[in-house]
Amino acid sequence: MGAMSLRSVRTLEFSALFIGLPLLLGWQGEAMRRWLIPQILLVAAVMLVVLWRDPAFDRRQLRALPRHWRPCLTRIALLLVLGGAGVLALAVQFPQVDAFAFPRERPGLWLLVLLMYPLVSATAQELVFRVFLFHRYRDLIPDPNAMMLASAGVFGLAHAQLGNAVAPLLSCVGGLLFAYTFHKTRSLPLVALEHGLWGDWLFTLGLGVYFYGGHL
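Residues numbered from 1 in each chain as written. Predicted model: local features only at pLDDT ≥ 70, side-chain atom pairs only at ≥ 80, totals over all residues. Heavy atoms only, no water.

## Side note on the overall build of the protein chain
Each helix and strand in the protein chain was counted, giving nine helices and zero strands. For the protein chain, the C-alpha radius of gyration of 17 Å lies close to 17 Å, the compact-globule estimate for 216 residues. In the protein chain, buried positions account for 43% of the 216 residues. Across the protein chain, contacts joining residues at least 24 apart in sequence account for 77% of those joining residues at least 6 apart. Seen as two clouds, the 18 positive and the 11 negative side-chain charges of the protein chain have centres 7 Å apart. (Helix = DSSP H or I, 4+ residues; strand = E, 2+ residues; numbered from the N terminus. Rg over C-alpha atoms; globule rule 2.2 N^0.38 Å. Buried < 20%, exposed > 50% of the residue type's maximum accessible area, 1.4 Å probe, protein only. Contact = heavy atoms within 4.5 Å. Lys, Arg positive; Asp, Glu negative; His and termini not counted. Charge placed at Lys NZ, Arg CZ, Asp CG, Glu CD.)

## Section: the pattern of salt bridges
The final tally for this structure, using the stated rule, is four salt bridges. Across the salt bridge formed by R60 and D58, the nearest N and O atoms sit 3.0 Å from each other. What makes R60 exposed here is its relative accessible area of 52%. By relative accessible area, which is 30% here, D58 ends up partly exposed. A salt bridge links R130 to E126; its shortest N-O distance comes to 2.7 Å. You can see R130 and its partner E126 sitting in helix 6 (residues 107-136), four residues apart, about one turn around the helix. Residue R130 is classed as buried on the basis of its relative accessible area, which comes to 0%. (Salt bridge = Lys/Arg side-chain N within 4 Å of Asp/Glu carboxyl O.)

## What to know about the environment of T181
Relative to the helices and strands, T181 is located in helix 8 (residues 166-185). Along the sequence, T181 and V97 sit 84 residues apart, while their C-alpha atoms lie 29 Å from each other. Among all residues touching T181, those that are not within four sequence positions of it are R75, R186, L190, V191 and E194.

## Structural notes on the packing of helix 4 (residues 69-91) against helix 9 (residues 188-205)
At a minimum axis separation of 11 Å, helix 4 and helix 9 run at an interaxial angle of 20 degrees. It follows from the interaxial angle that helix 4 and helix 9 lie roughly parallel. Note that helix 4 runs across helix 9; the crossing there is right-handed. Across the interface between the two elements, C72, L73, R75, I76, L79, L80, G83, G84, V87, L88 and A91 from helix 4 touch L190, L193, E194, L197, W198, W201, L202 and L205 from helix 9. (Axes fitted to C-alpha atoms, helices over the stretch in contact; angles between N-to-C directions. Parallel < 35°, antiparallel > 145°, perpendicular 65-115°, else oblique. Left-handed = near helix turned anticlockwise from the far one by under 90°.)

This is the structure in structure tokens:
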């Protein structure tokens, strides 16, 4: 297959997976929204198989921390503290948000979400929108800044099926942050941790109401 032909195939594949599929699922509405977590896990499993069978893929990305992990963790923690305070100030402005009601009213489920979200959902999403996307389409989008923007954009689009404007907008912002971290580290564990911490904070604040698909 020639270079142009491969580029065309990758363009169609990217468009189908990261634009067409989210739009189709969003069109299906609440019926598919309730199966959000199974969707994520299924797509992540398929993409993991594709990556695993690709001899050009560096599997260390799936398990390794970068050599400079301490400065990375410091940056992640600092942004979480500063940005988290900003998100708190924003959250209390939303009429649907009852700040900290989740840990107050359902502490058991809240603790379960704090544990499982980074391990399951955040890791699966980062495998799809960072590890797979950055590797699979590296020749299609060779510029790092363009790749980070594309990653954040399709990450936000994937949250549009939740049926509100808050989830995709916050996901675009978070997607830029996670894309930058992955670009700098090429570490799934580190970017999944960052994603998981932010997700845990959003659910703790009460913003999870905008990200909940009705699967619990």
